[in-house]
Amino acid sequence: MPLTSERQHLTQSRRIVVKIGSALLTNDGQGLDVNAINGWVEQMVALKREGRELLLVTSGSVAEGMVRLGWKQRPKSIHELQAAAAVGQMGLIQTWESAFKQHGIKSAQILLTHDDLSNRKRYLNARSALRTLVDLDVVPIINENDTVVTDEIRFGDNDTLGALVANLLEADTLILLTDQPGLFDADPRKKADARLIPQGRAEDPELLAVAGDGGALGRGGMFTKVRAARLAARSGARTVILGGRTEQALSRLFAGETLGTLLLPEDEPITARKRWLAGHLQERGVLVLDAGAVKALQQGGRSLLPVGVKEVRGKFLRGELVVCVDESERTLAKGLVNYSAEEARLLAGQPSNQIEKILGYIETPELIHRDNLVVV
Ligand SMILES: Nc1ncnc2c1ncn2[C@@H]1O[C@H](COP(=O)(O)OP(=O)(O)O)[C@@H](O)[C@H]1O
Ligand SMILES: N[C@@H](CCC(=O)OP(=O)(O)O)C(=O)O
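In the nomenclature of an unreviewed UniProt entry, the protein chain is known as Glutamate 5-kinase of Marinospirillum alkaliphilum DSM 21637. Turning to the protein chain, the UniProt record has this under Catalytic activity (unreviewed entry): "L-glutamate + ATP = L-glutamyl 5-phosphate + ADP". Its UniProt record, at the heading Subcellular location (unreviewed entry), says of the protein chain: "Cytoplasm".

Undergrad: Is there a simple way to think about the overall build of the protein chain in this case?
TA: The helix and strand inventory of the protein chain stands at 15 helices and 13 strands. Against the globule reference of 21 Å for 376 residues, the protein chain gives a C-alpha radius of gyration of 22 Å, in line with a compact fold. Projected onto its principal axes, the C-alpha positions of the protein chain cover 65 × 50 × 40 Å. Per-residue burial over the protein chain gives 43% buried out of 376 residues.

Undergrad: Explain helix α5 (residues 78–101) here, please?
TA: Because each turn of an α-helix spans 3.6 residues, side chains separated by three or four positions end up pointing in the same direction. Look at α5: 34 Å from first C-alpha to last across 24 residues, which is about the 34 Å you get at 1.5 Å a residue. Maximal helix bending in α5 amounts to about 30 degrees, located at Gly 88. Regarding α5, the residues found buried are Leu 81, Gln 82, Ala 84, Ala 85, Gly 88, Gln 89, Leu 92, Thr 95, Trp 96, Ala 99 and Phe 100. Each element contacted by the buried residues of α5 is listed here: α3 (34–49), β2 (53–58), α4 (61–69), β3 (107–112) and β4 (139–144).

Undergrad: What's the story with the UniProt feature "binding site: substrate" (unreviewed entry) in the protein chain in this structure? I'm lost.
TA: Under the UniProt annotation, the feature "binding site: substrate" (unreviewed entry) is placed at Ser 59, Asp 146 and Asn 158. On the basis of their most widely separated C-alpha atoms, the annotated residues across 100 residues gather in one place, lying no more than 10.9 Å apart. With respect to the helices and strands, Ser 59 occurs in the loop between β2 and α4. As for its position among the elements, Asn 158 is in helix α8 (residues 158–168).

Undergrad: Help me understand α4, please; the structure alone is not making it clear to me.
TA: Extensive coverage of α4 is indicated by the burial of seven of its nine residues. For α4, the complete set of buried residues consists of Ser 61, Val 62, Ala 63, Glu 64, Gly 65, Met 66 and Val 67. Packing partners of the buried residues in α4 comprise α2 (22–25), α5 and β4. Downstream of α4 by one or two residues, Gly 70 has phi in the positive range, about 75 degrees.

Undergrad: It is not clear to me how the sheet that holds strand β10 (residues 309–314) should be interpreted in this structure. Could you clarify?
TA: Sheet strands pair by backbone hydrogen bonding; their relative direction is either parallel or antiparallel. Read from one edge of the open sheet, five strands run β10-β9-β11-β12-β13, paired in mixed fashion. Edge strands, defined here as strands with exactly one partner in the open sheet, are β10 and β13 (373–375). In this sheet, neighbouring strand axes are inclined to one another by 20 degrees on average, regardless of whether the strands run parallel or antiparallel. Alignment of strand β12 (residues 331–336) against β13, held across three bridges, turns out to be antiparallel. Among the inter-strand pairings, Lys 334 is bridged to a residue of β13, identified as Val 374. Across the sheet, helix α13 (residues 291–298) lies against β9 (283–289), β10, β11 (321–325), β12 and β13, angled at about 75 degrees from β12, the strand it touches most.

Undergrad: Help me understand the packing of α4 against α5 in this model?
TA: How two helices sit against one another is set out by the angle between their axes and by the gap between those axes. Two numbers describe how α4 lies on α5: the axes approach to 6 Å, and their chain directions differ by 95 degrees. As summarised for this structure, α4 and α5 are arranged roughly perpendicular, according to the angle between their axes. Here Ser 61, Val 62, Ala 63, Glu 64, Gly 65, Met 66, Arg 68 and Leu 69 of α4 lie close against α5, whose contacting residues are Leu 81, Ala 84, Ala 85, Ala 86, Val 87, Gly 88, Gln 89, Gly 91 and Leu 92. When grouped by side-chain class, the residues that make up the contact of α4 with α5 number 10 nonpolar, five polar and two charged.

Undergrad: Please explain the pairing of strand β1 (residues 15–20) as it appears in this structure.
TA: Remark: a regular strand shows side chains that alternate across the two faces of the sheet. The buried fraction of β1 is high, at five of six residues. One ladder, built from six bridges, connects β1 with β2; its direction is parallel. Within β2, the residue paired with Val 18 across the bridge is Leu 56.

Undergrad: Is there a simple way to explain the packing of α3 against α5 in this structure?
TA: As a packed pair, α3 and α5 sit with axes 9 Å apart at the nearest point and diverge in direction by 45 degrees. On the basis of the axis angle, α3 is oblique to α5. Viewed along their axes, α3 and α5 form a crossing whose handedness is right-handed. Two secondary-structure elements touch here, α3 through Val 34, Ile 37, Asn 38 and Val 41 and α5 through Thr 95, Trp 96, Ala 99 and Phe 100. A class-by-class count of the residues in the contact of α3 with α5 yields six nonpolar, two polar and no charged.

Undergrad: In this structure, what is going on with the sheet that holds strand β6 (residues 199–201)? I would like to understand it.
TA: One open sheet accounts for eight strands, arranged β3-β4-β2-β1-β5-β7-β8-β6; its pairing is mixed. This sheet does not close on itself; its edge strands, each paired only once, are β3 and β6. For this sheet the average axis-to-axis angle between neighbouring strands, irrespective of direction, equals 20 degrees. Lying on the sheet, α8 is in contact with β1, β2, β3, β4 and β5 (173–178); it crosses β1 at an angle near 170 degrees. Docked against the sheet, helix α10 (residues 221–234) engages β5, β7 (238–243) and β8 (261–264), running at close to 150 degrees with respect to β7.

About the cut-offs
Residues numbered from 1 in each chain as written. Chains lettered and ligands numbered in written order. Predicted model: local features only at pLDDT ≥ 70, side-chain atom pairs only at ≥ 80, totals over all residues. UniProt positions renumbered as here; feature names shortened; annotations may be inferred. Helix = DSSP H or I, 4+ residues; strand = E, 2+ residues; numbered from the N terminus. Rg over C-alpha atoms; globule rule 2.2 N^0.38 Å. Buried ≥ 20, exposed ≤ 12 C-beta atoms within 10 Å, placed from the backbone. Expected span 1.5 Å × (residues − 1). Bend = angle between axes of the 7 residues up to and from the residue. Contact = placed C-beta atoms within 7 Å. Pairing = 2+ DSSP bridges. Axes fitted to C-alpha atoms, helices over the stretch in contact; angles between N-to-C directions. Parallel < 35°, antiparallel > 145°, perpendicular 65-115°, else oblique. Nonpolar A, V, L, I, M, F, W, Y, C, P; charged D, E, K, R; others polar. Left-handed = near helix turned anticlockwise from the far one by under 90°.

Quick look at the structure:
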């Protein structure tokens, strides 16, 4: 059967966020399922070797902590949840690390809190750290920092965290690996003849209506997965809700098999991504570019270096949104700056190898990295 164009696009994903839920990881609460974990890692490594970038969001710290502490019921008090998470995270990360190591792949633990993604400066820091890891060919293994968060400042469920990571790195695809083969038109645990929905629009209200809550181990069920697909769609990412117990599910999905439920952004991913960046923040300043920089941005899709900047207007901090104009004030692009206005003024017109000498430190050689730049 020929592939639909959406499934075809999926096979071309370059940057993928894979989120794996608690029930799957812990074999329904019996303890970390090392065989299954090794199987997913093998598939993820194969995807990496095809040249794709990969980030992993893992749940399971609380579920695994419960097993290690001999608790049968998920605790209600925040302190006990935090304690379980701290115990379980150790085993979780060790298991992931050794599974990737068997294939000669390095991994890194990243524990995020809500603040890391809502505070603009920390947002950019998290983004740079994750991007650097990916560039170094390391697989970031991300979870919520459950031990320090309280209810008011939680992401709450890792489906949401997965979507925010997809936004943060502008991933093309978010995979929510779970214990069902996908989203059904009713909870298959409650309705035996429920049918799999192979594809839909992330924004479709009907989908939220059929998505119920989850099992005893995880947090959100299908409801948070559909909501996460909506969030991911804001930066142009597609989401697939995929059955982690299906044989070779990840490999087969990216080879073009119609598995799971594919949830699509409303617009073309690139349009959604542009809108995301432009609509994400308020414009705080203006950079006037010389002819060379204009050409590099418009024709080369390159990053903006300080050497191409003639003038810096306005007051902005690192991480804020600025507009790039040419010398006749034509708007060319918008992007997130890596230096404050004060610093940018000192750097304007200078080659990047002078940054450290001028400022006493170097953040990045670019004033705006191409991943943070939207040519308009
Ligand atoms: N419409 C639906 N289709 C499929 N599963 C559903 C649906 N509604 C609710 N569910 C439930 O959601 C569960 C998966 O969510 P959850 O337990 O939170 O998993 P995870 O740990 O992977 O995040 C399934 O086991 C299923 O019982
Ligand atoms: N940070 C928590 C995540 C809990 C969670 O969202 O679980 P799930 O719904 O199974 O993805 C943990 O590691 O236990």
